[in-house]
Structures are given as structure tokens and as C-alpha cells.
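If you want the building blocks of each chain, they are given just below.
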Amino acid sequence: MRFGRTLSPAATPIGWSEIYSGLKSIARRESECRRFADELCKYLGKRHCYLLSSGRAALTVALRALSALFPDKDRVLIPAYCCYSVPASIVRAGLKVVLCDVDAETMDFDTRQLSALLDDERLLCVVPVHLFGIPADVKRLRRILDGRDVPIVEDAAQVLGGKVDNSLLGTQGDIGLFSLGRGKPLTTVGGGILVTDDDAFAAAIKREMSRLEKTFAYGLFGQIASALAIKLLGVPGMFWLPRALPFLRLGETVYDPGFPIRQLSGFQAGLSRGWQMQLATSWGQRRKNTEVWLETLPAGLFRPKLPDQQPSLLRFPVVCVDEAQRKSVLKISDRDGLGLAPGYPDSIAGIPALKASFASERYPVARRMARQLLTLPVHSYVSSEDQGKIGRLLKTSTAAIKESEESRYMVGTEHRLLD
Ligand SMILES: *Cc1c(COP(=O)(O)O)cnc(C)c1O
């Protein structure tokens, strides 16, 4: 077990002043939520905004709303490599998951598979995911949809405030989704946001929201405890402690459609006060750290294509040369507290509860990502010394592999991902 300075893969700080305003807002749920929703509408340039207890809850409500509008459609198309919360929300909404493999360059839908999957009368919607903050191409998706009556639910859970070509991610789909969970760009110790400009979708979402439980006391102590834990234990000097507690299951990806679905609480809405400043600062630091990775990472490591201008990454993804490299690098990172992390443990087709519905060989890139993808931290706690250590670790490890490859096969630079 490690006691010293330890980075988390994706830290999002909460300050005392936010906790104070959260506590003051416990009994003012409605007005605090209205304030936050109004600010979000203005910022994102959207007419309707709804606040829920988590990103999963928000996605489930959006899907239930669409399903009520199109009762004869029940399939939801998502990338085969993404956060397990996405299929969990689909199953929770009583719908069926349809998968499209991802493209290794873009981490977006593989367009060759995509077109065929869209010709499906029972397709309710498509959910592009801006994974780790790498923008999925929503405009292109809309072109490929080519006038079909299939809405786009844009999963920007990881990237509130992130941009591509100067437009905010999460604003191009018919419905936009953001998460306020731990480790997302902005956190209110759990929370989810839906935005839309479409009045019919908004009305349907509102109907679903009105059916939800109206008690907000439930979970309040947990929320306050989480906020304090993030404040006190989320810092590098203390993070070894929560990481060592097995019951917190930090860093584990769990597939669980049994999550609660509620509206955002007053405490959570109050925590959001000052969010625009916080986001601006945090994206500034993330972009600086991203620049450093772009400049220093060894050429032998494959990395997905990022936008040329100011990429907005939650974590910086690279693809290891092979599974063994990832394993050895993660071992050293765990020992030294460097905050490297794998992505998701398997493709969506490999989740035990869903496995029976999919032929997993149809999603080879998703599977490779699950085995080889590694993320580097870009959050505000990452120091240049941390970056030096991580950079050296990756350089040495990649050089060693290349060397042994060259001596074995007398060929060099071909990356195994592209085999
Ligand atoms: C985190 C996340 C979600 C779910 O958000 P929660 O607030 O954790 O429920 C959905 N989609 C993606 C891509 C995510 O990263």
C-alpha cells in the first residue's frame, strides 16, 4: 500500500465556499435548481434544461421521454467502447442496446458499420459519446442520418464546457447530456443535465420528471459526506487513503442498471455556485497539461486524433503497444501514485450481463481499446514533476518494447494496433 503523494486519474476539486452554499441551499431546492438551470440554458444557448441526480438518471429520463413519443421504437445505438453507464441507462429505460464498433483514430463510430445500422425501423435514437473529451463528429452523424426521423442524444457527460471549432460540445444533438459526477469537469457530488431546443422533447422530458419521487432528504448525508471527502481526501497528499479503502471501489467500472432516478437536490444545486469560473479555470489547466502530453509523449505510442485547437480532455488517452505494456506501466503507476488508469474494462459486448446479445468479434477495435487504452491525468493537481515521471516511464517502456521487437522481427515501427 502507498502512503505518499498519489494522483487520481481525474480529480475535480470542490471548495469550502461551494460546500457552504450547498448547505444553505438544502431547503431552497426549487429556486437553486431554477437558478442553475437558467444559467446553463444561457451558457449552452439552449431553451430547456433539466437537472437530475446523475448522468445515468438524466440519460434514462431522456430515453423514456423519446420512447413515450415513439412507442414502436425500442433500440438505442451506442459506440461499442464507452462508459458502462450508457448501456445501463438504456436497459433501465426498458430499451435495447445496439452497438457499433469504434474507429481507433477518432474513438467515434466506425462509419463503415454505422450506415447499415441506421436502416432499422425500430431505431429510437443514436447516442454519440465524446469519450474522454475527444469530440465525436455530431455534424457528420447528422449527415449520415440523412433526414431519417432518428434523434441524436449527444452524450457530453465528460465534457461540460469543452469545445470543438469554438462550439460547445453537447449542444449539437437534439438532446444534450452532461454529468456532474465525481471526476467529471464540474462536480456536484453527482448530478445530470439534459438540454434541448425541441419543445416536444422538452414536454416529454418534463412529463417523465414529474413522475419521479419527490423526497429529497434521502441521500442528503451521503451527499454532504461525499463533498467533504472530495474536499479533504481528493487532494494528492491524501488520495492514498480513499484509494486504499476497498469498499469505496474507486476506479472500478460497474455495470448496474439499478441506480436511483431523482431530481437534483438543493444541496447539489447549491454546490454549483460559481461553476462558470470553476470550469474556465479547470479547462485552462487541462489544456496546458494536454499540450505537455502532446509535446512529450513517445512516438511509438498510438493516440487518437485530437482537434488542432485547444482540445478539451478529461483524461488524455493513449493506446499502449500491447496489453503487457499497459500492465507493467500501470503497476509502476500504482506503486508511485502517478494517476495512470485503464479506460473501461471491456467492450460493451463483453459486459457479462449483456454478453448473450452480442457477437463480440464484431467489435474488434472496442475490444482492443479495452485491453490497451491507458489514460494520463490532465487535471489541476498534476505537477510538472508528475509529468516528468510519467513521461519518462512511458518513454522507457515504449523504447524497451521497440528494441525487443526489432531484434526479434527485424522490423520496427509498425504499430500492433494497425495490424
Ligand atoms: C459518467 C458518464 C455517464 C454517466 O454519468 P453519471 O453521472 O456517472 O451517472 C454517462 N456517459 C458517459 C460517457 C460518462 O462518462
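What counts and what doesn't
Residues numbered from 1 in each chain as written. Predicted model: local features only at pLDDT ≥ 70, side-chain atom pairs only at ≥ 80, totals over all residues. Heavy atoms only, no water. Helix = DSSP H or I, 4+ residues; strand = E, 2+ residues; numbered from the N terminus. Expected span 1.5 Å × (residues − 1). Buried < 20%, exposed > 50% of the residue type's maximum accessible area, 1.4 Å probe, protein only. Contact = heavy atoms within 4.5 Å. Near = heavy atom within 4 Å. Polar contact = N/O pair within 3.5 Å; in protein donor to acceptor, adjacent residues only side chain to side chain. Areas by Shrake-Rupley, 256 points an atom, 1.4 Å probe, with all protein chains shown as cover. Salt bridge = Lys/Arg side-chain N within 4 Å of Asp/Glu carboxyl O. Axes fitted to C-alpha atoms, helices over the stretch in contact; angles between N-to-C directions. Parallel < 35°, antiparallel > 145°, perpendicular 65-115°, else oblique. Left-handed = near helix turned anticlockwise from the far one by under 90°. Nonpolar A, V, L, I, M, F, W, Y, C, P; charged D, E, K, R; others polar. Right-handed = clockwise from strand over helix to strand, strands pointing away. Core = buried A, V, L, I, M, F, W, Y, C linked by side-chain atoms within 4.5 Å.

## Looking at helix α2 (residues 29-44)
With 16 residues, α2 should cover 22 Å at 1.5 Å per step; its first-to-last C-alpha distance of 22 Å lies within 8% of that length. Every buried residue of α2 is accounted for by R29, E32, C33, R35, F36, A37, L40, C41 and L44. Lining the buried residues of α2 we find β1 (48-52), β7 (167-168), β8 (175-179), β9 (192-196), α10 (266-271) and α11 (275-296). Just past α2, the residue G45 takes up positive phi, approximately 65 degrees.

## Quick notes on the environment of P298
Of note, P298 is situated in the loop between α11 and β10 (315-319). A relative accessible area of 11% places P298 in the buried class. Sequence separation of P298 and T398 is 100 residues, and the distance between their C-alpha atoms is 7.3 Å. Every residue in contact with P298, bar those within four places of it in the chain, is listed here: L394, K395 and T398.

## Digging into the site of the ligand
Around the ligand sit 13 residues in total, of which R56, D155, Q158, S179 and K184 are the nearest. One of the side-chain nitrogen or oxygen atoms of Q158 is found 2.7 Å away from an oxygen atom of the ligand. For the ligand, an oxygen atom lies 2.9 Å from a polar atom in the side chain of K184. Bound to the protein, the ligand loses 93% of the 370 Å² it would expose on its own.

## A few points about the pattern of salt bridges
In total, this model carries 18 salt bridges according to the counting rule given. One salt bridge in this structure joins E208 and R211, with 3.0 Å as the shortest N-O distance. Classification of E208 by relative accessible area gives buried; the value is 8%.

## Details of the packing of helix α5 (residues 111-118) against helix α6 (residues 138-145)
Interhelical geometry of α5 versus α6 gives an angle of 45 degrees and a closest axis separation of 10 Å. Our classification of the angle between α5 and α6 gives oblique. Where α5 crosses over α6, the two elements pack in a sense that is right-handed. Residues T111, L114, S115 and L118 of α5 form the contact with α6, whose own contacting residues are R140, L141, I144 and L145. Looking at the contact of α5 with α6 residue by residue, the class counts come to five nonpolar, two polar and one charged.

## Concerning the pairing of strand β3 (residues 96-100)
With four of its five residues buried, β3 lies for the most part within the structure. For the crossover that starts at strand β2 (residues 75-79), traverses helix α4 (residues 85-92) and ends in the parallel β3, the hand is right-handed.

## Examining the nonpolar core
Soluble globular proteins: nonpolar side chains tend toward being buried together. In terms of nonpolar packing, the biggest core is built from 80 residues, with I78, Y81, L194 and L376 touching the most fellow members. Not counting residues up to four positions away in its chain, the partners in contact with L194 are H48, C49, Y50, L52, A58, V61, A62, I175, G176, L177 and I205. Listed in part, the 23 residues of the second largest apolar core include L44, L168, L169 and A269.

## Notes on the side chain of S333
Locating S333 in the fold gives a position in helix α12 (residues 323-336). Engagement of the side chain of S333 in a polar contact is seen with the backbone nitrogen of L340, the distance being 3.1 Å. In contact with S333, other than residues within four places in its own chain, are L338, G339 and L340.

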